[in-house]
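One letter stands for each residue in the lines below.
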Amino acid sequence: MKVMLCFLAFVSMIAVVGYLGIDTATHINKNYENTATLIDYVFLLDETRVDVARLIETDNIDAYSNISEKISGLRERYESLANLISQAYAKELVHAMKEHDDEIDNISSRVIAIHGKKLRLDEIFNEKYVVEKQQRTNIRVPLFALNNSKITQDVGNMQYYSKEALYQYGNREKVDEWLQSIDNVRESVISAGLPENESAALLAGLDVYKQTSKTMGDISIRRKEIEAEEIKYLEEMRETTTHVETERKEFMQSVLLENARITEDVMRTQSAVIFIAFAISIALTFAISRIISKPVTELTDAVKDVSRGNFSRRIRVHSGDEIQELADSFNIMTRALKSSKKKLEHFNKTLKAQVAKRTSDLQQKVTELEHFNKLSVGRELKMIELKKRIKELEGKR
């Protein structure tokens with residue numbers, strides 16, 4: 001029993017060492033899982049930034065809707081990833097990154113909203129452009145037909161400034177130059193001395209065109225402002241993700257240091273436990289050796305005594321284990337051997353008496369038999385002699 005308890009104690013220490021090793025591997029693996037999760041988190045933020053850039057570049061409503069939905073889905077994914085980080089130091093970092101996350105969320109939301117406005121403005125712009133182009137053509141043809149060099153020059157300037165205002169610059173200065181060029185055409189028409197009805201028709205067309213141009217100019221300016229805002233937001237997002245990337249690198253470095261610290265601490269603990277287990281195993285070896293060897297030595301001496309015929313030898317062991325059971329069995333055996341010896345000695349004495357009596361009886365029988373033999377041999381000799389005399393007598397007759 002004691003041996004079994006000692007063995008279980010030793011095995012328990014080995015189990016503790018194994019548990020510490022498994023716990024270390026689990027902890028380090030968890031750290032690496034957190035690192036991988038955080039890398040996925042950063043990649044999702046990068047993917048969000050890329051999708052925001054794609055959103056800014058798209059001119060298609062359907063593509064805009066698809067990318068907007070994807071950005072919303074990415075936002076849900078990196079929020080769920082943030083909840084997977086378990087270590088306290090990682091949570092602190094994620095909390096700091098969550099601020100960047102919220103900033104990116106705000107930026108992407110603003111970009112989605114503002115680009116939606118830009119796409120709607122693009123639709124209006126395209127519709128108005130068809131009207132503007134038709135009105136410009138309707139005015140240009142009759143004005144060129146007047147063959148007035150001043151009017152022709154002013155109409156050419158008007159077309160030039162319209163392209164600059166609508167497509168090239170899209171700022172207030174160019175829009176004002178475009179509107180001013182329309183006023184210059186109007187003044188040239190008034191100064192040309194045309195018939196009243198013809199002049200009135202041309203002036204009315206120019207007034208309508210100017211109103212359309214003013215609307216188109218405002219739309220163009222707003223589109224350029226939105227584009228500038230989108231670029232600014234994209235730059236802010238790039239800076240934010242750069243900060244996140246820097247913090248991710250710092251976090252990975254902290255994870256490596258943490259893993260190294262955990263490994264070192266557990267290695268020290270394992271070394272201490274192994275040393276203690278080794279020392280205890282040595283002590284257990286001596287203790288077990290003493291526990292086992294003393295009764296075994298006593299048992300060996302008892303066996304030698306029994307082999308020399310000392311069946312009164314007894315072994316007294318009170319260890320409560322298998323050794324005591326063996327000693328008890330030995331004592332039972334010696335008692336049985338002693339009892340058997342007594343019975344055998346008694347049987348031997350009885351057997352000797354019986355053998356002596358039988359020997360005496362046999363000797364008497366042998367004597368009687370020898371006497372009988374002598375008598376028998378004498379009679380035989382006499383019979384032979386008698387027969388011989390009878391034959392001799394018969395011969396004489």
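Rules used throughout
Residues numbered from 1 in each chain as written. Predicted model: local features only at pLDDT ≥ 70, side-chain atom pairs only at ≥ 80, totals over all residues. Heavy atoms only, no water. Helix = DSSP H or I, 4+ residues; strand = E, 2+ residues; numbered from the N terminus. Buried < 20%, exposed > 50% of the residue type's maximum accessible area, 1.4 Å probe, protein only. Contact = heavy atoms within 4.5 Å. Phe/Tyr/Trp six-rings, centres within 6.5 Å; stacked < 30°, edge-to-face > 60°. Lys NZ or Arg CZ within 6 Å of the ring centre and 35° of its normal.

Asker: Is there a simple way to think about the side chain of serine 181 in this case?
Answerer: Looking at the secondary structure, you find serine 181 in helix 5 (residues 172-191). A relative accessible area of 3% places serine 181 in the buried class. Apart from the residues within four sequence positions on either side, serine 181 is in contact with Asp154, Asn157, Met158 and Tyr161.

Asker: Hey, could you run me through the packing of aromatic side chains in this one?
Answerer: Working definition: an aromatic ring pair is given by the centre-to-centre distance plus the angle between the planes. As enumerated under the stated definition, the model contains two aromatic pairs in all. Ring centres of tyrosine 160 and tyrosine 161 lie 5.6 Å apart, and the angle between their planes is 65°; on these two criteria the pair is classed as edge-to-face. On the basis of relative accessibility, which here comes to 48%, the residue tyrosine 160 falls in the partly exposed class. Residue tyrosine 161 is classed as partly exposed on the basis of its relative accessible area of 25%. Ring geometry for tryptophan 178 and tyrosine 209: centres 6.2 Å apart, planes at 80°, overall edge-to-face. With tryptophan 178 in helix 5 and tyrosine 209 in helix 6 (residues 196-307), this pair connects stretches of sequence that are 31 residues apart. Tyrosine 209 shares its class with tryptophan 178; the two are buried. Lying over the aromatic face of tyrosine 169, lysine 174 brings its terminal NZ or CZ to 4.9 Å of the ring centre. A cation sits over an aromatic face here: arginine 223 above phenylalanine 125, 4.3 Å from the ring centre.

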